[in-house]
Protein chains: 2
Amino acid sequence: MTRYKHLACLLSDRIEQGLYRSGERLPSVRTLSSEHGVSISTVQQAYHLLEEKQLIVPQPRSGYFVATHKATPPVPALTRPVQRPVEVTQWDSVLELLSSRTSGDVMQLGSGMPDLTQPTLKPLWKIMSRLAQKQQTELLNYDSLLGVSALREQVARLTIDSGCQLTAEDIVITTGCHEALSVSIRAVCAPGDIIAVESPAFHGTMQTLRGLGIRVIEIPTDSVTGISLEALELAFEQWPIKAVVVVPNCNNPLGFIMPEARKRALLALAQRVDAAIIEDDVYGELAWDYPRPVTLKSLDMDGRVLLCSSFSKTLAPGLRVGWVAPGRYRDRVLHMKYIGTGSTATLPQHTVAEFIRQGHYLPHLRRMRQVYQRNYETFSCWVRHYFPCGICVSRPQGGFLMWIELPEAFDAVRLNAELREACLQVAVGSLFSAAGKYRNCLRLNYGLPMNEQTEQALARLGTAVERAMQACSSDRHQAEQLLAE
Amino acid sequence: MTRYKHLACLLSDRIEQGLYRSGERLPSVRTLSSEHGVSISTVQQAYHLLEEKQLIVPQPRSGYFVATHKATPPVPALTRPVQRPVEVTQWDSVLELLSSRTSGDVMQLGSGMPDLTQPTLKPLWKIMSRLAQKQQTELLNYDSLLGVSALREQVARLTIDSGCQLTAEDIVITTGCHEALSVSIRAVCAPGDIIAVESPAFHGTMQTLRGLGIRVIEIPTDSVTGISLEALELAFEQWPIKAVVVVPNCNNPLGFIMPEARKRALLALAQRVDAAIIEDDVYGELAWDYPRPVTLKSLDMDGRVLLCSSFSKTLAPGLRVGWVAPGRYRDRVLHMKYIGTGSTATLPQHTVAEFIRQGHYLPHLRRMRQVYQRNYETFSCWVRHYFPCGICVSRPQGGFLMWIELPEAFDAVRLNAELREACLQVAVGSLFSAAGKYRNCLRLNYGLPMNEQTEQALARLGTAVERAMQACSSDRHQAEQLLAE
C-alpha cells in the first residue's frame, strides 16, 4: 500500500471511531504532514482519496470537513430468529456457493478463503517438499486414529495461548474443522435431537445438523456480545436441547468476541442444564488483540466442551488438517472419526507439525492478524463509500468476515442471481439461518488481497445493491399505492 | 527371493494344486535341475526347505515324496450367521486393532496395510515433492466439493477396466474408501433402517453401520462364490432391507471374486426389491487375473449401485484419496460429503492424478499383483507348515488377505490377548461379524515383505494356535468327563 493510501485509511479509521465527528474540521495539510512525517503532496493525495470516497468534503479556504451523510454505519441489532426448533433448509444455496468456489473467473467475496499469498507461508512448501524427498514409508501409511502424535503435541502446546491445559492425548486430529464439528455433533446427539445455535450461524454447521436429522433452535445473537444468554436459558426451559454450538471468538459471520464474563455465564448455564457445548474456534487465533481471547474450553471444568478448530483459516484450507479436544466425549468422537474417514491424510499432518516445530507458525499468525486488520480498514472504507446509506455493518474483532444488513425488504437471493452473471460471488444471509431468515443480509470476505480488482468488485457490488434497494423501495411504494386505491 | 526359495515355492504350489498328490514321488534332483536350468545344489536346497516344512519326506534311495499328513487345507464352508437384524457390537476390539497399528515393534499380521516398499512407488514421492516446489496456491486452497477434476478424469478412465462407462462428473473424491462407504451408507439409509452384508464382512463397514444406528442382517457367504443369493432373497422377503453392502471382487476378508453370473443375479434381485447396492471395490484392482473382474456398477442400468473405492490398497493409505461413483444418489452423497469433511486434502489428490497421468499407475498395479500373488504362495506354504492340521483356509483370488477358520471351540479373542504380549497382531474373526461370531477365525495380511521376520512371526503364531487348540480340546475333554461322571 502506498503512503497516501495508508494515511487515508488511518484517517478514515479515525472518522469511523468517532475521533473526528460528522461535520468536524479535519487537521490542516501542514499539520498532518509534520505529524506523520510525510510530504505535503502525500497528505493532499490522501485527502483527495477520502474526498473521492465522499468521506470528507472540502470547504473553500477552510480545509476539509468530515462528510455528514457518510457516517459510519451502525452495527446490526440483536437478531430475532424463529423461537422454536426447525429443520434446516438451504442446502441448494450452499451447494451453489460451493460450486462457484473453484471458478477462477468469479470474484470470491462470499467464501471463507484465507489469504494464501503471504511470504510467511513459504516454509510450508519447503517442508512439504523435503518430507516428500525423504521417502519415509510411514508418511504413506495409515496414521493412528488419533492423528500424528508430533502434531497433537504441537496443537496441545498452541492451545495454552487460549488458556487451555491439554496434552497430546486430549487431541484428535480431523480432516479440517468440518470433520471436527461433524464428529462432535454426532458424538453428543442422535437424530431427532435439538441443538441450539447462534443466529446467524455458520452454514457448514447448519448443513451438518440437517444431514444428521437434528433439529435446530436459533438463538437471538448480538453482533457485539454474542448469543443472548437470556434467550438461550428460556429455550432450555422450553425444549430438551442436547447441546449448543457456538463460535465465541471472531464469530462467523458476525465477527464478535464474546466477553469473558458472558463466556463464563454460558458455561454455567450449560452446567446447570447439563448440555454439551461445541465450540468452533477456527477463527480464534486471528483475533486482532494479543494475547488472543480465551476459549470456553479453557474455563471448562467437567469436560463438557468439545473444542473444534483447524489450520484452514490460519494456514491453508487445502491441507484439511483440523482437530478436536473432545473432553468427556473422547470415545464417541473416536468412533465417529473412525467411521467418517478412518484417519486423516498423513503428509499434511507432518507438514503442519514441522511448520510449527520450526517456529514458523507464530510469526505467520502475527502477520496474518495485521494483514486482515489492515484489510478490514480498507474494506470498510470501500463499503462506506460504495454502498448506499441505510445499511448496518458488523465490526469484526478478528478474522476476515463482514456481515452487512440491508433494509428488511431487501432480497439478497434475488440480487445473487444477478451477481452471478457479473461473476461476483457473495454469501447470502439466508445460508446462515436454519429457516432461511436474513435474506436481507450478506457475508463478505476481506481476506482477499485489497487491490484494484477487489475495489472494483466492491464498487460493482455496491452499485447492484443500491439498484436493488431502489427497486425494492419502488416495489413497496407501488404496493402501498395499490392498497390505497 | 533366492533361486532355491523360488523353486521351493513353485513346487509347494504344484503340491497344493494337486499336480503332485499326497504320497506321490517327486521328480529327481537331476530332472528338476535340467527342467528349471538351475544347479543340482539349488534343487537340493529347495527340497531341504520343503522337507523342513514337512511338505515332503525323503525316502532313502528312492528320492522325495509328498508328505501325506500336510495336504492343502480345505476352504471354509458356507457361513451360518444369525438370521435376523442385529445391532453391531465389537467396537472395543476394532479400537484395539487400530491402536496396535502404529506400534513399530508389533508384527502387523492383522492389518489391511499394503506393501509400500516397491520401487514402482518411487515416482509418487517425486511428484509430491515437485508439486510442493511449484508453490501453486491452488494446492493449498479448498478444492471443489466433487474433488480435483484432473483426478476425477483419471479415475473415470481407470474404471473402464472394470467395465464401467463413467465421466469425471460421475465421480466424487473422498477421504479414503472409508469416507466413500460412510457417505454412501448415509445417502441411502436413515438410522433404524436395515442393511444386509456379507458374513463375514469388513469391520469398518460394520462400525459405520453401528455409528449410524443402522441394524445389520448378516447373510451366509460362500468363501468361493460369495454372498448366498438364496439367503439374501429370503432376508428381503422377511425384512424391509434398504441396501446391501458387498465386496464382490477380492473380498475382504474371504478373498473370493464373485462369478459374473452371480453378480448379474444379485443386481436383478436388488432391482426386483428396489434396494440400493453399495459396492466396495477397494481390492478389485489387485485381482490376480488380468483383465480384472467386472464391477456390479458396470452391469447397473438404473444407477442403484454406489461404487466405492480408493488408492489406499493399490498405492498408499496415508494419502487418504478415495472415491465414489454414486449413481442416482449423487445429490445426497454430495451433501453427506460436505457435512463429513467439506473437501478432501488437495495435494494428495493432485499427486495421485499426476502419478496416473504420467503412466506410473498401471505398471505399479501389475507389479503389486505379482508381488501379492507370490507372497500368497510363500505365505500359504508357511501356514500349511506352521499351523496345526484341522484348519480351513480361504483361497484368495487377489488382494492380500487370508481367512483362517479354526475348530468351532477355538477362542481367537483369548489367543489375541496372549499374542499381544508376544508383539504379534492378528485380526480376530469376531470383528467381521455384527454379532461377534467367528471367534474361531483369524484374518491375516500377506501384503508384508515375505522375509525371515515374517516367517518367524508366522511360526510363533502357528505354535500359539496349536497350543490353544490343544488347550481347548483338553478343556472339552474335561467337560465331557465331568458330564459323564
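Predicted model, so just to flag it, every value in this text is computed and none were measured.

(A) Up close: the overall build of chain A. For chain A, the count of helices and strands is 16 helices and 16 strands. Computed over C-alpha atoms, the radius of gyration of chain A comes to 24 Å, within 12% of the 23 Å expected from 2.2 N^0.38 for 485 residues, which places it in the range of a compact globule. Dimensions of chain A, computed from C-alpha atoms along their principal axes, come out at roughly 75 × 65 × 45 Å. When burial is assessed residue by residue, chain A has 62% of its 485 residues classed as buried. By sequence separation, contacts in chain A at least 24 residues apart represent 76% of the contacts at least 6 residues apart. Total accessible area on chain A stands at roughly 18600 Å², and carbon and sulfur atoms take up 50% of it. Each charge class in chain A was averaged separately, 50 positive and 48 negative side chains, and the resulting centres sit 5 Å apart.

(B) Geometry of the relation of the copies chain A and chain B. Superposition record for chain A on chain B: RMSD 0.2 Å, screw rotation 180 degrees, translation along axis 0.1 Å. Classification of the inter-copy transformation places it as that of a two-fold axis. Scanning chain A for the C-alpha nearest the rotation axis identifies Ser129 of chain A, at a separation of 2.0 Å. Interface residue correspondence from chain A to chain B reaches 100%, placing this contact among same-surface, isologous pairings.

(C) Here's a closer look at the state of the cysteines. Residues and elements named next belong to chain B. Under the criterion given, the structure shown has 0 disulfides over all chains. We note that Cys9 lacks a disulfide partner, and the nearest cysteine sulfur, in Cys381, lies 4.5 Å from it. Cysteine Cys441 is unpaired, with the sulfur of Cys392 as its nearest cysteine sulfur at 8.8 Å.

(D) Spotlight on the environment of Ile219 of chain A. Residues and elements named next belong to chain A. Among the secondary structure elements, Ile219 is positioned in strand S6 (residues 215-222). Counting along the chain gives 11 residues from Ile219 to Glu230, while the straight-line C-alpha distance between them is 9.5 Å. Setting aside residues no more than four positions away along its own chain, Ile219 makes contact with Thr79, Pro81, Ala196, Val197, Glu198, Ser199, Ile227, Ser228, Ala231, Leu232 and Ala235.

(E) Summary view of the interface of chain A and chain B. Taken residue by residue, the interface counts 62 residues in chain A and 62 residues in chain B. Taking both sides of the interface into account, the surface hidden between chain A and chain B amounts to around 5400 Å²; carbon and sulfur atoms contribute 66%. Our enumeration of links across chain A and chain B arrives at 0 salt bridges. Our count for the contact surface shared by chain A and chain B stands at 22 residue pairs in polar contact (both at pLDDT 80 or more). Those elements that provide at least two residues to the side of chain A that touches chain B are helix H4 (91-99), helix H5 (122-134), helix H7 (176-188), helix H8 (203-211), helix H12 (330-341) and helix H13 (346-357) of chain A. In the side of chain A that touches chain B, the residues fall into 28 nonpolar, 26 polar and 8 charged.

(F) Region of interest: the packing of H4 of chain A against helix H12 (residues 330-341) of chain B. Two elements in contact, H4 of chain A and H12 of chain B, have axes separated by 12 Å at closest approach and are oriented at 75 degrees. The orientation of H4 of chain A with respect to H12 of chain B, classified from their angle, is roughly perpendicular. Judged by residue contacts, Trp91, Val94, Leu95 and Leu98 of chain A of H4 of chain A engage Asp331, Leu334, His335 and Tyr338 of chain B from H12 of chain B. Looking at the contact of H4 of chain A with H12 of chain B, its residues break down into 6 nonpolar, 1 polar and 1 charged.

(G) The arrangement of the pairing of strand S2 (residues 63-66) of chain B in detail. Where strand S1 (residues 56-59) of chain B lies against S2 of chain B, 4 bridges are found, and the strand directions are antiparallel. If you follow Gln59 of chain B over to S2 of chain B, its bridge partner there is Gly63 of chain B.

(H) Region of the structure containing the sheet that holds strand S13 (residues 401-405) of chain B. Sheet architecture is open: 4 strands sit in the order S12-S13-S16-S15 (chain B), paired in antiparallel fashion. At either margin of the open sheet sits one strand with a lone partner, and together these are strand S12 (392-393) and strand S15 (427-428) of chain B.

(I) Representation of helix H2 (residues 29-36) of chain A. Residue and element names in this part refer to chain A. Considered for burial, the residues of H2 that qualify are Val29, Leu32 and Ser33. The buried side chains of H2 occupy one side of the element, clustering within an arc of 105 degrees when seen end-on. Of the exposed residues in H2, those oriented more than 90 degrees away from the buried face are Arg30 and Ser34. In this fold, the buried residues of H2 make contact with helix H1 (3-16) and helix H3 (40-52).

(J) Seen up close, the pairing of strand S11 (residues 322-325) of chain B. Residues and elements named next belong to chain B. With burial as the criterion, each face of S11 is covered, one bearing Gly322 and Val324 and the other bearing Trp323 and Ala325. The sheet contact formed by strand S4 (residues 172-174) and S11 spans 3 bridges and is antiparallel. Residue pairing in the sheet places Ile173 in a bridge with Trp323 of S11. The pairing of strand S10 (residues 305-310) with S11 spans 4 bridges and is antiparallel. Looking at S11, one finds that Leu307 is bridged to Ala325.

(K) Region of interest: the sheet that holds strand S5 (residues 194-199) of chain B. Residues and elements named next belong to chain B. With mixed pairing, the 8 strands of this open sheet are ordered in space as S4-S11-S10-S9-S8-S5-S6-S7. What marks the edges here is a single partner per strand, and that holds for S4 and strand S7 (226-227). The sheet contact formed by strand S6 (residues 215-222) and S7 spans 2 bridges and is antiparallel. Directly across from Thr221, in S7, lies its bridge partner Ile227. Against the sheet, helix H7 (residues 176-188) engages S4, S5, strand S8 (241-246), strand S9 (276-280), S10 and S11, with an angle of about 160 degrees to S10.

(L) Local environment of the side chain of Asp143 of chain A. Residues and elements named next belong to chain A. For Asp143, the position within the fold is in the loop between H5 and helix H6 (149-158). One buried charged side chain, Asp143, makes no salt bridge at all; its nearest oppositely charged neighbour is Arg152, positioned 6.6 Å away. Within polar-contact distance, the side chain of Asp143 engages the backbone nitrogen of Val148 at 3.1 Å. For Asp143, the side chain forms a polar contact with the side chain of Gln349, separated by 3.0 Å.

(M) Representation of the packing of H12 of chain A against helix H8 (residues 203-211) of chain B in the model. The contact between H12 of chain A and H8 of chain B brings their axes to 9 Å, and the two run at 125 degrees. In terms of axis orientation, H12 of chain A runs oblique to H8 of chain B. Note that H12 of chain A runs across H8 of chain B; the crossing there is left-handed. In this structure, H12 of chain A uses His335, Met336, Tyr338 and Ile339 of chain A to contact H8 of chain B, whose residues at the interface are His203, Gly204, Gln207, Thr208, Arg210 and Gly211 of chain B. Its residues placed into classes, the contact of H12 of chain A with H8 of chain B shows 3 nonpolar, 6 polar and 1 charged.

(N) Quick peek at H5 of chain A. For H5 of chain A, which comprises 13 residues, the first-to-last C-alpha distance of 19 Å matches the rise-based estimate of 18 Å (1.5 Å per residue) to within 8%. Residues of H5 of chain A that are buried include every one of Pro123, Leu124, Trp125, Ile127, Met128, Ser129, Leu131 and Ala132 of chain A, and no others. Looking at the packing, one finds that the buried side of H5 of chain A touches H13 of chain A together with helix H5 (122-134) and helix H13 (346-357) of chain B. Positive phi appears at Gln135 of chain A, one or two residues downstream of H5 of chain A, with a value of about 55 degrees.

(O) Quick look at the pattern of salt bridges. Residues and elements named next belong to chain A. Scanning the entire structure with this criterion turns up 35 salt bridges over all chains. For the salt bridge of Glu35 with Arg14, the shortest nitrogen-to-oxygen distance reads 3.7 Å. Placement of the pair is Glu35 in helix H2 and Arg14 in helix H1, with a sequence separation of 21 residues. According to the relative accessible area criterion, Glu35 is partly exposed, its value standing at 47%. A salt bridge links Arg439 to Asp411, with the nearest nitrogen and oxygen atoms 3.1 Å apart. Residue Arg439 is found in the loop between strand S15 (427-428) and strand S16 (441-445), and its partner Asp411 is found in the loop between strand S13 (401-405) and helix H15 (412-421); the two are separated by 28 residues along the sequence. By relative accessible area, Arg439 is classed as partly exposed at 39%. Beyond isolated ion pairs, a larger network of salt bridges with shared partners links Asp274, Asp302, Arg304 and Arg328.

So, how was this worked out
Residues numbered from 1 in each chain as written. Chains lettered and ligands numbered in written order. Predicted model: local features only at pLDDT ≥ 70, side-chain atom pairs only at ≥ 80, totals over all residues. Heavy atoms only, no water. Helix = DSSP H or I, 4+ residues; strand = E, 2+ residues; numbered from the N terminus. Rg over C-alpha atoms; globule rule 2.2 N^0.38 Å. Buried < 20%, exposed > 50% of the residue type's maximum accessible area, 1.4 Å probe, protein only. Contact = heavy atoms within 4.5 Å. Areas by Shrake-Rupley, 256 points an atom, 1.4 Å probe, with all protein chains shown as cover. Lys, Arg positive; Asp, Glu negative; His and termini not counted. Charge placed at Lys NZ, Arg CZ, Asp CG, Glu CD. Least-squares fit on C-alpha atoms with pLDDT ≥ 70 in both. Disulfide = S-S within 2.5 Å. Buried area = accessible area lost by both parts, 1.4 Å probe. Salt bridge = Lys/Arg side-chain N within 4 Å of Asp/Glu carboxyl O. Polar contact = N/O pair within 3.5 Å; in protein donor to acceptor, adjacent residues only side chain to side chain. Nonpolar A, V, L, I, M, F, W, Y, C, P; charged D, E, K, R; others polar. Axes fitted to C-alpha atoms, helices over the stretch in contact; angles between N-to-C directions. Parallel < 35°, antiparallel > 145°, perpendicular 65-115°, else oblique. Pairing = 2+ DSSP bridges. Arc of directions from axis to C-beta. Left-handed = near helix turned anticlockwise from the far one by under 90°. Expected span 1.5 Å × (residues − 1).

This is a description of form; function is not addressed.
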